[in-house]
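Single-letter residue listing:
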Amino acid sequence: GFRESDIRKGLEAREFQLYYQPQISVADGEIKGYEALIRWEHPEHGLIYPGDFIPIAEETRQIVPLGRWVLEEACWQMMSWWKEGGTVSRVSVNISAVQFYHPNFMQMVTDVLAESGLPADYLELELTESIMQDPEQAVFIMEEMREMGVRLSLDDFGTGYTSLSCLRNFPLNSLKIDRSFVVNMTQDSQEKAIVEAIIHMAHNLNFNVIAEGIEHENQLQLLYDKACDEYQGYYYSQPLPPGAERVPERV
Ligand code: G
Ligand code: G
Ligand code: MN
Ligand code: NA
């Protein structure tokens, strides 16, 4: 496995890269934004996925400098596309609980936005249910983020233990339905009922809903019927490095 020093050296050698996956409007197929997903182009081991190094980065707190790099890179990329193409896109950046509770987190986000010039409302932070370890503190930090104009989403929703009474207090813009609920929803009426219930609840709380892991046309049709707002998945495109042509993956 990788160690703290490997991650530090990888960062110094600029071996990390962000891939981007579009977030698509269910109603009209328009690209609403991109999720940034980190990859490690390791000189010896090739392309490494976050599951193989993010947990170690979190344990060793290397996620703090690595996470700052991710945020800088994502904001810089949006500005660069904006300058090239005339439109600016929303970017969603995954934030781990270690980063979120770091005392400099707020200042770091403020600094990166100022340095890059990206308007705050084009940045969305994807939080997981693990930040709910301290709900009062979480709400406090989230409210400060929202005052800055940054958008917030709750990632992998349904896989953690967020109580619904907590959820109501979170100043979120959107909720992302975990892929595990989407996989069988067209065949399994119970999974379909869960997806439907999440969409209704989220809308009643004034959150947008994004479904993850959409691989088939019939899944997209179901989301349309249930008025889900956005989707992500191989059906539209895999996550790709900047500048790559769209690659739908037929599975
Ligand atoms: O493509 P995929 O294997 O990229 O991503 C797997 C998981 O890794 C996702 O659940 C995502 O939350 C996490 N992840 C991807 N990029 C980042 C990142 O930049 N920071 C953090 N903290 N997690 C990430
Ligand atoms: O942050 P998060 O857990 O949401 O990361 C999304 C993960 O899901 C990434 O690893 C990404 O590569 C992966 N992913 C994105 N679209 C699809 C899809 O359609 N099918 C599958 N199996 N994985 C997907
Ligand atoms: Mn995510
Ligand atoms: Na997710």
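- As named in an unreviewed UniProt entry, the chain is EAL domain-containing protein, taken from Lentibacillus kimchii.

## What about the overall build of the chain?
Okay, step 1: A count of helices and strands for the chain gives 10 helices and 9 strands.
Okay, step 2: Scaling as 2.2 N^0.38, a compact globule of 251 residues should have a C-alpha radius of gyration of about 18 Å, and the chain matches this with 18 Å.
Okay, step 3: Overall size of the chain, expressed as C-alpha extent along the three principal axes, is 50 × 40 × 40 Å.
Okay, step 4: When the 251 residues of the chain are sorted by exposure, 34% land in the buried category.
Okay, step 5: Counting contacts in the chain only where the partners sit at least 6 residues apart, residues at least 24 apart contribute 62% of the total.

## A word on the site of ligand 2
Okay, step 1: Residues in close proximity to ligand 2 total 14 residues, the closest being G213, E215, G233, Y234 and P239.
Okay, step 2: Taken together, the residues of the shell around ligand 2 break down into 4 nonpolar, 5 polar and 5 charged.

## Some words on the site of ligand 1
Okay, step 1: Lining the immediate surroundings of ligand 1 are L37, I38, Y49, P50, G51, I54, G67, V70, N94, S96 and P239.
Okay, step 2: Every element with two or more residues in the shell around ligand 1 is listed here: β2 (31-42) and α3 (63-85).
Okay, step 3: Here the shell around ligand 1 is composed, by residue class, of 7 nonpolar, 4 polar and no charged.

Procedures and definitions
- Residues numbered from 1 in each chain as written.
- Chains lettered and ligands numbered in written order.
- Predicted model: local features only at pLDDT ≥ 70, side-chain atom pairs only at ≥ 80, totals over all residues.
- Helix = DSSP H or I, 4+ residues; strand = E, 2+ residues; numbered from the N terminus.
- Rg over C-alpha atoms; globule rule 2.2 N^0.38 Å.
- Buried ≥ 20, exposed ≤ 12 C-beta atoms within 10 Å, placed from the backbone.
- Contact = placed C-beta atoms within 7 Å.
- Near = placed C-beta within 6 Å.
- Nonpolar A, V, L, I, M, F, W, Y, C, P; charged D, E, K, R; others polar.

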